[in-house]
Amino acid sequence: MHRHISTHQEQYQGEIYMGEPGTLKKLLEEPYLAGVMLSYKCTIACRHCLFACKPGNPNAVMSVADAVTFIEAFSRLGRIVHLSGGEPFMFYDVLLSATKESSKRGFPPHMVQTNCSWCKSDEIVEERFRALSDLGMLGMYFSADRYHQEFVPLRVSAVPSG
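Note that this is a predicted model, so its numbers are computed, not measured.

Glancing now at the environment of Cys42. With respect to the helices, strands and loops of the structure, Cys42 is situated in the loop between strand S3 (33–37) and helix H2 (64–76). For Cys42, a relative accessible area of 8% corresponds to the buried category. Distance in space between the C-alpha atoms of Cys42 and Asn115 is 9.1 Å, their sequence separation being 73 residues. If we ignore the near neighbours within four places in the chain, the residues touching Cys42 are Cys53, Lys54, Pro55, Gly86, Glu87, Met90 and Asn115.

Where H2 meets helix H3 (residues 92–104), the axes come as close as 9 Å, and the angle between the chain directions of the two elements is 45°. By the angle class used here, H2 and H3 are oblique. Between H2 and H3 lies a crossing whose hand is right-handed. Residues Val64, Ala67, Val68 and Ile71 of H2 lie in contact with H3, whose contacting residues are Val94, Ser97, Ala98, Glu101 and Ser102. Of the residues contributing to the contact of H2 with H3, the split by class is 6 nonpolar, 2 polar and 1 charged.

The end-to-end C-alpha distance of helix H4 (residues 122–134), which contains 13 residues, comes to 18 Å, matching closely the 18 Å that a straight helix rising 1.5 Å per residue would cover. All of the buried residues along H4 are Val125, Arg128, Phe129, Leu132 and Ser133. Here the buried residues of H4 occupy an arc of 130° about the axis, which is enough to place them on one side. The elements touched by buried residues of H4 are H3, strand S5 (111–114) and strand S6 (139–142). Gly136 sits one or two positions beyond H4 and adopts a positive phi of about 115°.

Rules and cut-offs
Residues numbered from 1 in each chain as written. Predicted model: local features only at pLDDT ≥ 70, side-chain atom pairs only at ≥ 80, totals over all residues. Heavy atoms only, no water. Helix = DSSP H or I, 4+ residues; strand = E, 2+ residues; numbered from the N terminus. Buried < 20%, exposed > 50% of the residue type's maximum accessible area, 1.4 Å probe, protein only. Contact = heavy atoms within 4.5 Å. Axes fitted to C-alpha atoms, helices over the stretch in contact; angles between N-to-C directions. Parallel < 35°, antiparallel > 145°, perpendicular 65-115°, else oblique. Left-handed = near helix turned anticlockwise from the far one by under 90°. Nonpolar A, V, L, I, M, F, W, Y, C, P; charged D, E, K, R; others polar. Expected span 1.5 Å × (residues − 1). Arc of directions from axis to C-beta.

Put into structure tokens, the structure is as follows:
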């Protein structure tokens, strides 16, 4: 069955979220969000990065099995789970597999956080969003504040739903 990630977009405190209306403010203000960091490797080196993620970090990435274990554990605690990094799309195969496996167990991650540096064409964006959505991903969380935009200029383009 094909689903699509909602194209509703909202902005709050410099962050952009596409998904269900009213979700972003709730996610940022209530203490039940849990992040699973797939890697400390990133495509950019933001000066504000709490985790010192940057391109020069090792290519180490969490295993799919470990990611699924964390996603399930946080979900069972009632947390909204987002996958992050570094830049999780640098390890797209792990991101896709972790989403697929955790969804099979009934615990799909709610969203993936990205700096969008991989968004080189509308076709790539649509293909990846569709793939994640089809596997159970509920939304996308875009890091689009002034720190990220030093490296990844903001360009908003409508992704057709279907």
